[in-house]
Amino acid sequence: MNEIKHTLLKACVGILKYTKLHRLLCPFFVGNGVILVLHRVLPEKSYPRIIANSRIEITPGFLEQLIEFFLKRGYEVVSLDTVYERFTGAPGRPFVCFTFDDGYADAVEIIYPVFKKFQLPYAVYVITDFPDRKSILWWYMLEDLVLEQDPVRFSYGGQDSAVPTTTSADKEAAYDTIRALLLSVPSEQVGDVIDAVFSPYGMNPRDYEDQQMSWDQIIELANDPLVTIGAHTVHHYNLKQLTDDQVRWEIETSKKRLEEKIGRPVLHFSYPFGSPDEAGEREFSLAAECGFHTMTTVREGTLSRVDRDHMDRLPRVEITGRHQDLTLVDLRRCGLVALMRKGMARA
Ligand SMILES: [Zn+2]
């Protein structure tokens, strides 16, 4: 979406929020239910953050407000199994399903006690390299590096760099520059870039491992009927950049690895990143071949009966740190933001 359309969308959202007109429109577009996608729930930090990381976090207080928001509006909080049943059987009351992508440790340490208190279900889609301790959380290492060092100096590929990090704008730019470098190299060279950037400062990826769930934690969650464990591939690569065989391997291996650890079938999957840039027709049909009941994207949208023919590409509504705003959640659960986005895309 270009800049003009984005500004127009923001203006439309602003008008709806201000006039409360969405309350009149809501019944026409609300659909049968909504799947929410969240990532992390953490207490607010007292220091400035890098936006790319803070935007995937909400606070425990906002999570409770969100749950109460849906309960007050008569929604039933359901599991992914129930979402599937609602499409294959009787539609029932409007529903909301909370899903958390990736498998960060707060899924058990912070999110679990909240849902346990309410006695409500939720789902966690796990990248299996997290509990296998093969993934490096370089995005959090990089945040700490640019917040603490000025400038950030490193040598890579025969070139010495000194990236300034004096102001907060510099820090954001430094984060983006080094992130772009990490994303631009082939996967087998990512380890070399990580070494080059972080080793001079004595930073060790192992110090960040505790932010990912362990297998013991995943098994603990899976043993509670309130929690559904879903697959989210092994490496969290952009599937569109892989061959058919690689995509199949990513999906099937993560499904089997989780099943072997938790001792039950894994019937739900979410596409890494999940926007149309990372998941399209080929990825949908390859995932569908793996025997899941539901497969979710981050395409914005609520659910209606027509989605029963598209269980391989269910839309979700993303709740991010930038959207700790219940009026905006109200617009989104009514399907109005999705509607406006579709309109803008056609314009
Ligand atoms: Zn993810």
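Reading the values: the criteria
- Residues numbered from 1 in each chain as written.
- Predicted model: local features only at pLDDT ≥ 70, side-chain atom pairs only at ≥ 80, totals over all residues.
- Heavy atoms only, no water.
- Salt bridge = Lys/Arg side-chain N within 4 Å of Asp/Glu carboxyl O.
- Buried < 20%, exposed > 50% of the residue type's maximum accessible area, 1.4 Å probe, protein only.
- Helix = DSSP H or I, 4+ residues; strand = E, 2+ residues; numbered from the N terminus.
- Donors = N, O, S within 2.8 Å, 3.2 Å for Na, K, Ca; no water.
- Expected span 1.5 Å × (residues − 1).
- Arc of directions from axis to C-beta.
- Contact = heavy atoms within 4.5 Å.
- Axes fitted to C-alpha atoms, helices over the stretch in contact; angles between N-to-C directions.
- Parallel < 35°, antiparallel > 145°, perpendicular 65-115°, else oblique.
- Left-handed = near helix turned anticlockwise from the far one by under 90°.

## Some details on the pattern of salt bridges
Piece 1. One pass over the full model with this rule turns up 21 salt bridges.
Piece 2. Of the charged contacts, one joins Glu57 and Arg49 as a salt bridge, the two residues approaching to 2.9 Å between their closest N and O atoms.
Piece 3. Looking at Glu57, the relative accessible area reads 8%, which means it is buried.
Piece 4. Classification of Arg49 by relative accessible area gives buried; the value is 18%.
Piece 5. In this structure, Arg133 engages Glu209 in a salt bridge whose closest nitrogen and oxygen atoms are separated by 3.7 Å. One end of the pair, Arg133, is in the loop between strand S6 (122-126) and helix H7 (138-148); the other, Glu209, is in the loop between helix H9 (190-198) and helix H10 (215-222), and 76 residues separate them in sequence.
Piece 6. Three or more residues joined by partner-sharing salt bridges are found here, namely Arg49, Glu57 and Glu143.

## Focus on the coordination of the zinc ion
Piece 1. The protein atoms that coordinate the zinc ion are Asp102 (OD), His232 (NE2) and His236 (NE2), at distances of 2.1 to 2.2 Å.
Piece 2. Between the donor residues of the zinc ion, the gaps in sequence give the motif D-x129-H-x3-H. Here His236 lies in the loop between strand S9 (227-231) and helix H11 (244-262) and Asp102 lies in strand S5 (residues 95-102), a separation of 134 residues in the sequence. Both residues of the pair, Asp102 and His236, count as buried.

## Thoughts on helix H4 (residues 60-72)
Piece 1. For H4, spanning 13 residues, the distance from its first C-alpha to its last is 18 Å, which sits close to the expected 18 Å at 1.5 Å a residue.
Piece 2. Residues of H4 that are buried include every one of Phe62, Leu63, Leu66, Ile67, Phe69 and Phe70, and no others. Mapping the buried residues of H4 onto a view down its axis gives an arc of 155°, with all of them on the same face.
Piece 3. The inward-facing, buried residues of H4 contact strand S1 (33-38), strand S2 (40-41), strand S3 (57-58), S5, helix H6 (106-118) and helix H13 (326-333).
Piece 4. At the exit of H4 stands Gly74, carrying a positive phi of roughly 80°.

## A closer look at the packing of H11 against helix H12 (residues 281-288)
Piece 1. Between H11 and H12, whose axes approach to 10 Å, the crossing angle comes to 50°. Classified by the angle between their axes, H11 and H12 sit oblique to one another. When the axes of H11 and H12 are compared, the crossing they make is right-handed. Together, Asp244, Val247, Arg248 and Ile251 of H11 and Arg282, Leu286 and Ala287 of H12 make up the contact between the two elements.

All quantities given are derived from atomic positions and should not be read as evidence of function.
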